[in-house]
Each structure stands twice: as structure tokens, then as C-alpha cells.
Amino acid sequence: MSTTTTGAPVRPRGTTASHPPAGRRRRRREQQWPAYVFLSPWMIGAVVLTLVPMAVSLYLSFTDYNLFDPPHWVGLRNYTEMLTEDPRYWRSVGTTLLYVVIAVPLKLAFALAVAMLLKNLGRGRAFYRSAFYAPSLLGASMSIALVWRALFNDGGSVPHVLDAVGIHAGGWIGDPHLAVYVVVLLTVWQFGAPMVIFLAGLQQISPELYEAAALDGAGRWRQFVSVTVPMLSPVVFFNLVLEMIQSFQVFTPAFAISGGDGGPADSTLFYTLYLYERGFTASHMGYAAAMAWLLLIAVGVITLILFRTSRSWVFYADEEGR
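Report follows, based on the coordinates.

About the thresholds
- Residues numbered from 1 in each chain as written.
- Predicted model: local features only at pLDDT ≥ 70, side-chain atom pairs only at ≥ 80, totals over all residues.
- Heavy atoms only, no water.
- Core = buried A, V, L, I, M, F, W, Y, C linked by side-chain atoms within 4.5 Å.
- Buried < 20%, exposed > 50% of the residue type's maximum accessible area, 1.4 Å probe, protein only.
- Helix = DSSP H or I, 4+ residues; strand = E, 2+ residues; numbered from the N terminus.
- Contact = heavy atoms within 4.5 Å.
- 1 Å grid on protein atoms, 1.4 Å probe; cavity = no way out; pocket = protein on both sides within 12 Å on 5 of 7 lines; lining within 4 Å.
- Points joined across faces, edges and corners; volume = space filled by probe spheres on them.
- Polar contact = N/O pair within 3.5 Å; in protein donor to acceptor, adjacent residues only side chain to side chain.
- Salt bridge = Lys/Arg side-chain N within 4 Å of Asp/Glu carboxyl O.

**What about the nonpolar core?**
Piece 1. Residues Tyr89, Tyr99, Phe198, Phe270, Tyr271 and Met291 are the most contacted members of the largest nonpolar core, which totals 62 residues.
Piece 2. At 12 residues, helix 3 (residues 87-119) tops the list of elements feeding residues into this core.
Piece 3. Apart from the residues within four sequence positions on either side, Phe198 is in contact with Leu108, Ala111, Leu112, Ala115, Leu232, Val235, Val236 and Asn239.

Now the structure itself:
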């Protein structure tokens, strides 16, 4: 590279400050191609197993398709029928919302309470952490859901225990007012995953903050409200979004506990269970695809609202000095 009389370098002809020479760009592309080779299995899988099925599902949501005959284009008929002519659809929406509103806060509260107990536990913490996490691995299986159904059914262990203490509720499975709470309790029992995340977050809070609060005369409850909750708010937000999305997709417990029909009296007719019924039992796959897309939109809107409102209650330590 030549220089001027003042010593400043002179760029080769045809190059600029923002664009490297053609040879350098060629060498950079040659260095990047191995990365694309290693990424290609994921990229092919994302296109073939995710993007293409989503596009097909979106198309089917505007058709009348019964799995046997070719799809017949019907436009928005599936959506209008769903929103204006199908009372069971709205019952499934109400049941799912009731479940989400009750199960998610209870699960997170229980997970946080156990995480705080384990934080101060010295000996045996690893054992209890693993023991409490195990239901998160097993609870989503059909076998556990069937065991749960047997526990709360007529003649099961739970009605017998309640009868012994003077609570004569009978079998929960056959009671339209109690059946949905069987699914709620099964979900809360699987608190292990958010508990582990809460425990990791609690261990990152500096003990100096608690010492300063104690010097100011703050008791345990005040320390929890003024120190633990603000410092743990990003973890609470993460668990809240994750559990909310998962709760809207609950299927296996509802299918097993209700026997696959959402009974009794549609009290356990969750959204995904009704979607499965319309798609694979009634062979209305176009209608089921429309239900799936509305669920995707609803979960996306709720998630967006959570992110927007999080600015007022989620505290990030790196923003303290801004």
C-alpha cells in the first residue's frame, strides 16, 4: 500500500473504507461455508418439519378437509362458525382460561416457596432438589395422569381421606365443579422445573442486600417484599411466560382424566382436547387447523402483553444506574 507525502496510507484503486477488497470478501465467504454446512441439518429440519407444516396448516384452516377427500376451499367459514355458531368452542376457551388463571399462579407460588426453603437448607439440598424435580419429568406422561384419575375417582384414595376428616365430596372426576381442579392439582404437583430456576435465581442475590435490610430494621417479610421479589423479578417473569405458554397447550392430563370426551358436562373440555376431538374424532381437520391458528394468535398476544407490562414490575440489576 502506497503512502502520500504526509504519511497517510493510500487505499488501492476500486476500494472504499466500508467495502473490503473483492479478494478479502471471497476469502471471508470461503471461511464461512463450513458453518453453513454444519447448520444445514437444523435449517433443513426447520423448513421441512416446522415452516412447511405451518404453511400447510394455515392453508387447511381455510378449507373443509376430512383427511380422506381433497381439501375444499371455504374461506373464512371455519373461523366464523367457530366464533359465532359453536358453543362448545367457547366452553373450551372458558375452561382453559380458568385453568391457566388458577394453575399458573399456584404452581409458581409453590415453586418459589419450596425454592426458598431449599436455599437455606444445608445438608441434603441436592437430594431434595432432585426429588422435587422428578414430578416435572414424569407428570406429563399418560401413566401418571391415569394414576391421578384413579386417586380422585369414586372409591379412590383422595375421597376416602377426605371422608375420614369429615369432608364428603365424593369422587372429583364425576363432579362437574371439581373435575377441572384435578388437572390443576396435577399441574401444581409438577412444580419442580420452575423451582430449580427460582433456586438458581435466589442463589444469585447478594447476601449484602439482606444484611443492609436487616440493619434498617426490616423483618423477614419486609426483606422478601423489598429485596427478594425485586431482585428475582426477571426469573419470575421468565417462569410466568414459560408456564403460561405451556398451560394453554395442556392436553394429556385432560384427555386421561376426562376419558377423552371433556366430561363431565364439558367441565374438562380444554382447548387442545376440543381441537383433537374436532380434528381426529370428527375428521374436521380444517376446523381444527383454524382452532390451532387462533390459539397461536391468542398466546402470542398474551405473551406480547406480558412483555409490555413487564417494564413496570421487572427489575434488572444492570439498569440500576441508568
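From this point on, the discussion continues.
**Quick look at the layout of surface pockets**
Piece 1. Approximately 370 Å³ is the volume attributed to the largest pocket.
Piece 2. Taken together, 19 residues line the largest pocket, and the ones lying closest to its centre are Lys107, Ala140, Gln190, Glu243 and Gln246.
Piece 3. When residues of the lining of the largest pocket are traced back to their parent elements, those giving at least two are helix 3, helix 8 (192-203), helix 10 (220-248) and helix 11 (252-258).
Piece 4. Top contributing element to the lining of the largest pocket by residue count: helix 10, with five residues.

**Quick notes on the side chain of Asp86**
Piece 1. Mapped onto the secondary structure, Asp86 falls in the loop between helix 2 (77-84) and helix 3.
Piece 2. Within the structure, the side chain of Asp86 is placed 2.5 Å from the side chain of Tyr274, a separation counted as a polar contact.
Piece 3. Setting aside chain neighbours within four positions, we find Asp86 in contact with Glu81, Tyr274, Arg278 and Tyr287.

**Quick look at the environment of Ile205**
Piece 1. Locating Ile205 in the fold gives a position in the loop between helix 8 and helix 9 (207-215).
Piece 2. Residue class for Ile205 comes out buried when judged on its relative accessible area of 6%.
Piece 3. Expressed as a C-alpha distance, the spacing of Ile205 and Met231, which sit 26 residues apart in the sequence, is 6.8 Å.
Piece 4. Not counting the four nearest positions on each side in its chain, Ile205 is found in contact with Tyr210, Val227, Thr228 and Met231.

**As for the pattern of salt bridges**
Piece 1. Taken as a whole and judged by the stated rule, the model has six salt bridges.
Piece 2. In this structure, Asp86 and Arg278 form a salt bridge, with 3.3 Å as the shortest nitrogen-oxygen distance. Residue Asp86 is located in the loop between helix 2 and helix 3, and its partner Arg278 is located in helix 12 (residues 271-281); the two are separated by 192 residues in the primary sequence.
Piece 3. What makes Arg278 buried here is its relative accessible area of 12%.
Piece 4. One salt bridge connects Lys107 with Glu243, and the closest N-O pair in it is separated by 2.9 Å. Residue Lys107 is found in helix 3, and its partner Glu243 is found in helix 10; the two are separated by 136 residues along the sequence.

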